[in-house]
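Commentary on secondary and tertiary structure
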Amino acid sequence: MESPPKRIRLTEPADPNDEEEKEERQRLMEQVRKDPWRLRYATAKLRGDRQFLLKALSFSGEALEFATKDLQDDPEVVLAAVKKDSKMMSYASDRLRCDPDFMKEAVRQHWTALKY
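Definitions and limits used
- Residues numbered from 1 in each chain as written.
- Predicted model: local features only at pLDDT ≥ 70, side-chain atom pairs only at ≥ 80, totals over all residues.
- Heavy atoms only, no water.
- Helix = DSSP H or I, 4+ residues; strand = E, 2+ residues; numbered from the N terminus.
- Areas by Shrake-Rupley, 256 points an atom, 1.4 Å probe, with all protein chains shown as cover.
- Contact = heavy atoms within 4.5 Å.
- Buried < 20%, exposed > 50% of the residue type's maximum accessible area, 1.4 Å probe, protein only.
- Arc of directions from axis to C-beta.
- Polar contact = N/O pair within 3.5 Å; in protein donor to acceptor, adjacent residues only side chain to side chain.
- Expected span 1.5 Å × (residues − 1).
- Core = buried A, V, L, I, M, F, W, Y, C linked by side-chain atoms within 4.5 Å.
- pLDDT = per-residue confidence, 0-100.

1. Looking at the overall build of the protein chain
Broken down by element type, the protein chain carries seven helices and zero strands. Listing the helices and strands of the protein chain from first to last along the sequence gives α-α-α-α-α-α-α. Counting every atom, the protein chain has about 7,100 Å² of accessible surface; 50% of that belongs to carbon and sulfur.

Next up, the structure:
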């Protein structure tokens, strides 16, 4: 059995010039590309990084399962996940699932989103 990847180190504040951090983020993204469940090993800060999550969602909607609650309440993030896999509506916030305008857009992305 493969061991879990080491947790990515994200310092406060993140240094955009920190090459080690960039490499760690890229390494985790490669792992997420192969297996979206790898995102569960990321820190909460990284799972709450909107740009990182949107990129992960471009590979698999399943990444939404491991997103922070804030991102599960972000219409753009949830729609990106639903576009890949309508079952990801089950991870959308109650607020979004009760929003008729959001649900119309979700159904436009994937008609089976109505189930959720």
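2. Thoughts on the side chain of Gln72
For Gln72, the location among the structural elements is in helix H4 (residues 69–72). With residues near it in sequence (within four places) discarded, Gln72 still touches Leu64, Glu65, Ala67, Val78, Tyr91, Ala92, Ser93 and Leu96.

3. Focus on helix H7 (residues 100–109)
Among the residues of H7, Phe102, Met103 and Ala106 are the ones counted as buried. End-on, the buried residues of H7 take up no more than an arc of 95 degrees, which puts them together on one face. Along H7, exposed side chains directed more than 90 degrees from the buried face belong to Pro100, Asp101 and Arg108. The elements touched by buried residues of H7 are helix H5 (75–84) and helix H6 (94–97). Its side-chain oxygen placed 2.9 Å from the backbone nitrogen of Asp101, Asp99 serves as the N-cap of H7.

4. Focus: helix H1 (residues 19–34)
Helix length check: H1 (16 residues) gives 23 Å between terminal C-alpha atoms against 22 Å at 1.5 Å per residue, within 8%. Buried residues of H1: Glu21, Glu24, Leu28, Met29 and Val32, and no others. One face of H1 carries all of its buried residues, which in axial projection span an arc of 135 degrees. In H1, the exposed positions that point more than 90 degrees away from the buried face belong to Gln26 and Lys34. For H1, the secondary structure elements touched by its buried residues are helix H2 (44–47) and helix H3 (50–57).

5. Description of the nonpolar core
Side chains of nonpolar character tend, in soluble globular proteins, to be buried together. Counting residues in hydrophobic clusters, the biggest one holds 29 residues, and the most contacted among them are Leu39, Leu53, Leu57, Leu64, Val78, Met89 and Phe102. Elements with a minimum of two residues in this core: H1, H3, H5 and H7. Setting aside chain neighbours within four positions, we find Leu64 in contact with Leu57, Leu71, Gln72, Val77, Val78, Ala81, Met88 and Tyr91.

6. Focus on the confidence of the model for the protein chain
It should be kept in mind that the predicted coordinates are not to be read in detail where pLDDT is low. The predicted model of the protein chain has a mean per-residue pLDDT of 85, with 86% of residues at 70 or higher. Taken together, the stretch residues 4–13 has pLDDT below 50 and engages in 27 contacts with residues farther than four places along the chain or on a different chain.

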